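# Observations on the model geometry
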Amino acid sequence: MKIISGGVCAAKGFTAGGVHCGVRKNRTKRDLAMIFSEKKASAAAVYTTNLVKGAPLTVTKNNIADGYAQAVICNSGNANTCNADGIEIAEKMCAIAAETLGISAKDVVVASTGVIGQPLSIAPFESGIPAAKAVLSTDGSDAAAEGIMTTDTVKKEIAVEFELGGKVCHIGGIAKGSGMIHPNMATMLVFITTDANIAPEMLGKALSSDIADTFNMVSVDGDTSTNDMVTVLANGMAENECICADGADFAEFMKALNTVTVYLCRCIAGDGEGATKLLECNVSGGKDVANAKTVAKSVICSSLLKAAMFGADANWGRVLCAIGYSGADVDVNKVGVTFKSPKGEITVCVNGAGVDFSEEKAKEILLEKEIEINITLGDGNACATAWGCDLTYDYVKINGDYRT
């Protein structure tokens with residue numbers, strides 16, 4: 001398996017593109033993305049657990065209920081959430097895309113991201129969707145990645161090449177996510193494409209299994225979004241034998257999918273609103289996976305810990321505090337904590353108590369842009385990883401006037 005270029009266009013038969021259609025006021029930024037498969041593809045998705053859901057999620061869920069889709073249309077700048085005519089707008093977006101691409105409206109995945117509760121006109125899409133179709137290309141992943149961005153500061157895309165039964169396959173993805181990022185699924189928009197031949201039910205199983213250890217382990221700010229989802233389309237054009245059951249090929253596909261999703265998780269966490277640092281919390285020695293995950297999530301979600309990381313302050317007591325209120329079954333007298341970055345590693349807690357360490361060395365380690373918080377629980381063999389970011393002044397600035 002190797003990382004390659006191409007994003008969502010790395011897989012055979014997929015094209016993508018992005019344009020400015022007028023949803024966003026800034027005409028220099030793309031606000032509409034399209035992904036298209038020349039063949040109908042197996043489709044699977046997971047959706048936000050927020051009870052308030054954007055209209056596009058309802059429409060997409062209905063459209064891919066049969067397990068298939070052929071195109072994705074997504075706008076940024078307006079979430080199409082809590083709008084009286086939201087379902088109607090989302091369905092019209094699908095209808096326009098279907099007519100433009102010559103496919104069924106039921107084969108369109110539709111998504112929106114941006115401000116909640118703002119009216120959304122269909123007018124921008126009447127010209128924007130045909131314009132997006134006109135720029136579809138095998139080099140269009142980058143433009144599509146831009147089209148789905150809101151407060152993101154960097155585009156997020158990746159692709160990998162792997163083999164199934166001697167056939168070369170590809171899987172790639174683009175993502176957006178910077179704020180309103182918090183487990184559980186979903187808390188971002190992620191679109192993944194692959195030319196692997198896999199049955200819809202197995203694709204759904206792969207995605208549902210994967211997100212438990214990837215996207216459900218990311219938190220930026222503790223707010224679970226209303227709109228977001230992760231979608232995978234698999235068009236089978238690699239011509240491998242269909243993955244219709246568990247086995248070696250399914251395991252290999254899962255490995256490739258996980259490579260893509262972990263990379264995108266790290267990108268999303270590191271690009272949190274106002275963030276200056278990517279935080280990775282690795283927990284080992286848990287009684288079971290559930291306890292290890294609970295600890296990792298609690299630490300990565302701690303506002304006090306996140307603020308300490310922003311200030312490069314090795315305040316390990318905040319790690320212990322987050323473990324203590326997490327609800328995990330943990331013997332705190334066995335807990336160990338180390339901080340690690342490209343500048344080195346330093347142990348700050350052993351058996352639930354502090355140890356002597358160099359504050360100067362700790363600050364040097366914590367001033368880096370990627371920091372590992374490594375926790376040992378001493379209760380078993382279970383492990384878990386969660387991703388997040390530091391909490392900065394800019395997070396408040398961004399969200400203080402996000403709408404206005």
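### Considerations on the pattern of salt bridges
Tallied over the entire structure, the rule returns 17 salt bridges. In this structure, the salt-bridge partner of Lys156 is Asp271, at a minimum N-O distance of 2.7 Å. Taken together, the positions of Lys156 in strand 6 (residues 156-164) and Asp271 in the loop between helix 6 (248-270) and strand 10 (278-286) put the pair 115 residues apart, joining distant regions of the chain. Note that Lys287 is salt-bridged to Asp329, the shortest N-O span being 2.9 Å. In this pair, Lys287 is assigned in the loop between strand 10 and helix 7 (289-301) and Asp329 in the loop between helix 9 (317-324) and strand 11 (336-341), connecting sequence segments 42 residues apart. Owing to a relative accessible area of 43%, Asp329 belongs among the partly exposed residues under this scheme.

### A closer look at the packing of aromatic side chains
In the structure shown here, the tally under the stated rule is 2 aromatic pairs. Residues Phe310 and Tyr393 carry aromatic rings whose centres are separated by 5.3 Å and whose planes lie at 90° to one another, so their mutual orientation is edge-to-face. One end of the pair, Phe310, is in helix 8 (residues 303-310); the other, Tyr393, is in helix 11 (residues 393-400), with 83 residues separating them in the sequence. Residue classification places Phe310 among the partly exposed residues on the basis of a relative accessible area of 28%.

### Focus on the pairing of strand 10
Burial analysis of strand 10 places 8 of its 9 residues in the buried class, which makes it a mostly covered element. Direction of pairing for strand 10 relative to strand 14 (residues 370-376): parallel, over a ladder of 7 bridges. In the strand pairing of strand 14, Val283 is matched with Ile375. Bridging between strand 10 and strand 15 (residues 382-389) involves 7 bridges; their strand directions are antiparallel. What sits directly across from Glu280, in strand 15, is Trp387.

### Here we look at the side chain of Asp228
Tracing the chain through its elements places Asp228 in the loop between helix 5 (200-211) and strand 9 (229-234). Buried charged residue Asp228 carries no salt bridge. Nearest counter-charge: Lys176, at 4.7 Å. Within the local environment of Asp228, its side chain forms a polar contact with the backbone nitrogen of Met188, the two atoms lying 3.4 Å apart.

### Quick notes on the packing of helix 5 against helix 6
Contact geometry for helix 5 and helix 6: axes closest at 10 Å, N-to-C directions at 45°. Viewed along their axes, helix 5 and helix 6 adopt a mutual orientation that is oblique. The element helix 5 and its partner helix 6 pack so that their crossing is right-handed. Contact residues: Met202, Leu203, Lys205, Ala206, Leu207, Ser209 and Asp210 in helix 5; Phe250, Phe253, Met254, Leu257, Asn258 and Thr261 in helix 6. Split into classes, the residues belonging to the contact of helix 5 with helix 6 amount to 8 nonpolar, 3 polar and 2 charged.

### So, the nonpolar core
Within the largest apolar cluster, 76 residues are counted, with the highest numbers of intra-cluster contacts made by Phe253, Val299, Phe339 and Ile375. The element best represented in this core is helix 6, accounting for 10 residues. When residues no more than four places from it in sequence are discounted, the contact partners of Phe253 are Phe162, Leu164, Ile171, Thr194, Ala196, Ile198, Leu203, Ala206 and Ile243.

### Section: the pairing of strand 12 (residues 344-350)
Two strands pair when backbone bridges link them, and strand 11 and strand 12 are joined in this way by 5 bridges, in the antiparallel orientation. Residue pairing for strand 12: Phe339 is matched across the bridge by Ile346. Between strand 11 and strand 12, which pair antiparallel and follow one another directly, the connecting turn spans 2 residues. In this structure, strand 12 lies alongside strand 13 (residues 353-354), joined through 2 bridges in antiparallel fashion.

### A few points about helix 6
Its 23 residues give helix 6 an end-to-end C-alpha distance of 33 Å, which sits within 8% of 33 Å, the value for a rise of 1.5 Å per residue. The complete set of buried residues in helix 6 reads Phe250, Phe253, Met254, Ala256, Leu257, Val260, Thr261, Leu264, Cys265, Ile268 and Ala269. Each element contacted by the buried residues of helix 6 is listed here: strand 6, strand 7 (167-176), strand 8 (189-194), helix 5, strand 10 and strand 15.

### Overview of helix 10 (residues 359-366)
Residues of helix 10 that are buried include every one of Ala362, Ile365 and Leu366, and no others. Down the axis of helix 10, the smallest arc covering the buried residues is 90°, so these residues share one side. Looking at the buried residues of helix 10, the elements they touch are helix 8, strand 11, strand 12 and strand 14.

### Points about unusual backbone geometry
The phi dihedral of Asn80 is positive, around 50°, even though this residue is not glycine. With respect to the helices and strands, Asn80 occurs in the loop between strand 4 (68-78) and helix 2 (86-101). Residue class for Asn80 comes out buried when judged on its relative accessible area of 1%. Positive phi outside glycine occurs at Cys82, with the angle close to 60°.

### Observations concerning the packing of helix 7 against helix 9
It is the contact of helix 7 with helix 9, at a shortest axis distance of 8 Å, that shows an interaxial angle of 130°. Here helix 9 runs oblique to helix 7, going by the angle between their axes. Considering only the axes of helix 7 and helix 9, their crossing is right-handed. Residue-level inspection shows Val295, Ser298 and Val299 of helix 7 in contact with helix 9, the latter providing Val319, Ala322 and Ile323. The residue inventory of the contact of helix 7 with helix 9, partitioned by class, reads 5 nonpolar, 1 polar and no charged.

Basis of the calculations
- Residues numbered from 1 in each chain as written.
- Predicted model: local features only at pLDDT ≥ 70, side-chain atom pairs only at ≥ 80, totals over all residues.
- Heavy atoms only, no water.
- Salt bridge = Lys/Arg side-chain N within 4 Å of Asp/Glu carboxyl O.
- Helix = DSSP H or I, 4+ residues; strand = E, 2+ residues; numbered from the N terminus.
- Buried < 20%, exposed > 50% of the residue type's maximum accessible area, 1.4 Å probe, protein only.
- Phe/Tyr/Trp six-rings, centres within 6.5 Å; stacked < 30°, edge-to-face > 60°.
- Pairing = 2+ DSSP bridges.
- Lys, Arg positive; Asp, Glu negative; His and termini not counted.
- Polar contact = N/O pair within 3.5 Å; in protein donor to acceptor, adjacent residues only side chain to side chain.
- Axes fitted to C-alpha atoms, helices over the stretch in contact; angles between N-to-C directions.
- Parallel < 35°, antiparallel > 145°, perpendicular 65-115°, else oblique.
- Left-handed = near helix turned anticlockwise from the far one by under 90°.
- Contact = heavy atoms within 4.5 Å.
- Nonpolar A, V, L, I, M, F, W, Y, C, P; charged D, E, K, R; others polar.
- Core = buried A, V, L, I, M, F, W, Y, C linked by side-chain atoms within 4.5 Å.
- Expected span 1.5 Å × (residues − 1).
- Arc of directions from axis to C-beta.

By themselves these figures say nothing about function.
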